[in-house]
Amino acid sequence: MAGAYNDRDGQIWMDGQMTPWREANVHILTHAMHYASSVFEGERAYNGKIFKSRAHSERLKRSAQMIDFEIPWTVDEIEAAKVEVLAKSGLKDAYVRAIAWRGAGEDMGVASARNPVRLAIAAWEWGAYYGDAKMKGAKLDISKWKRPSPETIPSHAKAAGLYMICTMSKHAAEAKGCSDAMMFDYRGYVAEATGANIFFVKDGEVHTPDPDCFLNGITRQTVIGILKDRQIKVHERHIMPEELEGFEQCWLTGTAAEVTPVGKIGDYNFDVGSLTREISDSYEKLVRT
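Once a new chain begins, its residue numbering starts again from 1 and follows that chain's sequence as written. pLDDT decides what is reported in this predicted model: residues at 70 or higher carry local features, side-chain atom pairs at 80 or more are listed and counted, and totals for whole chains, interfaces and linings draw on all residues regardless. Side-chain metrics in this entry use all non-hydrogen atoms of the structure; hydrogen atoms and water are not considered.

Using the following cut-off: UniProt positions are given in the numbering used here, feature names are shortened, and annotations may be inferred rather than shown by experiment.
The protein chain has the name Branched-chain-amino-acid aminotransferase in an unreviewed UniProt entry, where Roseobacter ponti is given as its organism. In its Function (unreviewed entry) section, the UniProt record describing the protein chain reads: "Acts on leucine, isoleucine and valine." Recorded under Sequence similarities (unreviewed entry), the UniProt text for the protein chain is reproduced unchanged: "Belongs to the class-IV pyridoxal-phosphate-dependent aminotransferase family."

Below, the structure is given as structure tokens:
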């Protein structure tokens, strides 16, 4: 599948029924377009099965609750819809996007309690998120924007509005020839990339930021499990910027990113080392079992 995302063959599940791809539209006064009242999930299917599908559906429901709305479909119903979408797509390996939002209704101010909550699910082919970075390591910029305090946003919701500074950071990084940007948090600690969690290696042990003000990714949790199964010590902690110079390896994790090595962050260089490759290979095998 190629071309603009609004002009493709296929079908999208919307509010309980399959809809022709080009007709899966919303009204211009949809509340989510004006006030970012939407949550979403990015998922990957391997060999016809969505990896950790139920965990994603459960998080979608929790994210909606965190931004004060209830998705009127159960986890089981969302799971069934994803199976239908994947079957209709004809794809075995696919990216699956579920999104829930406050639609157009009686309210068009900040408040929107009277507006319907809608849900859509689409699937398409999507290759490596960072292109050839899996071989040579991604190059990251350091963003000027910081992940905000959990006192200012529901930082553990996968909500659309939280990605505004991520989009800005990634655009700035791409303008410099980078694949992505690493962000600090509001206190100055290392946080994450714009759409992926980050890991570092030093002296055979792994260090990763404590996700106390950003999303604790499902892929992140999976990779920590792989590391612990291999008896590799994992430190989940606050990481200071000056520590970057002492780390030997680095990788990113995310549903789209999977496990992607990092070769450079700003002025800091990292080896695409054996542990990085081993964890990437282990993850690839796990998602296809």
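### Re the environment of Ile 71
Where we set the bar: Where helices and strands are cited, they refer to DSSP runs of H or I of at least four residues and of E of at least two residues respectively, numbered from the N terminus. Summary of the burial criterion: residues with accessible area below 20% of their type's maximum are buried, those above 50% are exposed, and those between are partly exposed, where the area comes from a 1.4 Å probe applied to protein chains only. For this analysis, residues touch if any pair of their heavy atoms sits within 4.5 Å.
If you trace the backbone, Ile 71 turns up in the loop between helix H2 (53-66) and helix H3 (75-89). Using a relative accessible area of 2% as the deciding quantity, one classes Ile 71 as buried. Note: C-alpha distance between Ile 71 and Asp 9 (62 residues apart in sequence) is 28 Å. Setting aside its immediate chain neighbours within four residues, Ile 71 contacts Leu 60, Lys 61, Ala 64, Ile 78, Ala 100, Val 117 and Leu 119.

### With respect to the packing of aromatic side chains
Here is the rule we go by: In summary, the pairing rule links any two rings of Phe, Tyr or Trp, Trp by its six-membered ring, whose centres are within 6.5 Å, and it sorts them by plane angle into stacked for under 30 degrees, edge-to-face for over 60 and tilted for everything else. Whether a charge lies above a ring is judged from NZ of Lys or CZ of Arg, which has to be within 6 Å of the ring centre and within 35 degrees of the ring normal.
Scanning all chains against the criterion turns up 12 aromatic pairs. Relative to Tyr 283, the ring of Phe 51 lies with its centre 5.9 Å away and its plane at 85°, an arrangement referred to as edge-to-face. Of this pair, Phe 51 sits in the loop between strand S4 (49-50) and H2 while Tyr 283 is found in helix H7 (residues 274-287), placing the two residues 232 residues apart along the sequence. A single burial state applies to Phe 51 and to Tyr 283, both of which are buried. Aromatic pair Trp 124 and Trp 126: ring centres 6.2 Å apart, planes at 40°, arrangement tilted. Through a chain of ring-to-ring contacts, the aromatic side chains of Tyr 5, Tyr 95, Trp 124, Trp 126, Tyr 129 and Tyr 130 assemble into a single cluster. Positioned over the ring face of Tyr 5 is Arg 8, at 3.9 Å from the centre of the ring.

### Here we look at a negative patch on the surface
To keep it simple, the criterion reads: Note on patches: the residues involved have over 30% relative accessible area and no salt bridge, like charges join within 9 Å, and the nonpolar side chains Val, Leu, Ile, Met, Phe, Trp and Tyr join within 5 Å. The protein chains shown are the only cover counted for residues, whose accessible areas, like all others here, come from Shrake-Rupley with a 1.4 Å probe. Salt bridges are identified by distance alone: a Lys or Arg side-chain nitrogen within 4 Å of an Asp or Glu carboxyl oxygen. When charges are counted, Lys and Arg contribute as positive and Asp and Glu as negative, whereas His and the chain ends are disregarded. Charge placement uses NZ in Lys and CZ in Arg. For Asp and Glu, CG and CD serve respectively.
Among the surface-exposed residues, Asp 203, Glu 205, Glu 248 and Asp 271 lie close enough to one another that they form a single negatively charged patch. Of note, Asp 271 is situated in the loop between strand S15 (268-269) and H7. Assessed through its relative accessible area of 55%, Asp 271 is described here as exposed.

### Digging into H7
For an α-helix, 3.6 residues make a turn, and residues three or four places apart therefore share a direction. Where we set the bar: Take the residue count of a helix, subtract one, and multiply by 1.5 Å to get its expected span.
An ideal rise of 1.5 Å per residue puts 20 Å on 14 residues; H7 measures up with 20 Å between its terminal C-alpha atoms. The elements touched by buried residues of H7 are strand S3 (38-46), strand S10 (197-202), strand S11 (205-209), helix H6 (218-229), strand S13 (249-254) and strand S14 (258-265).

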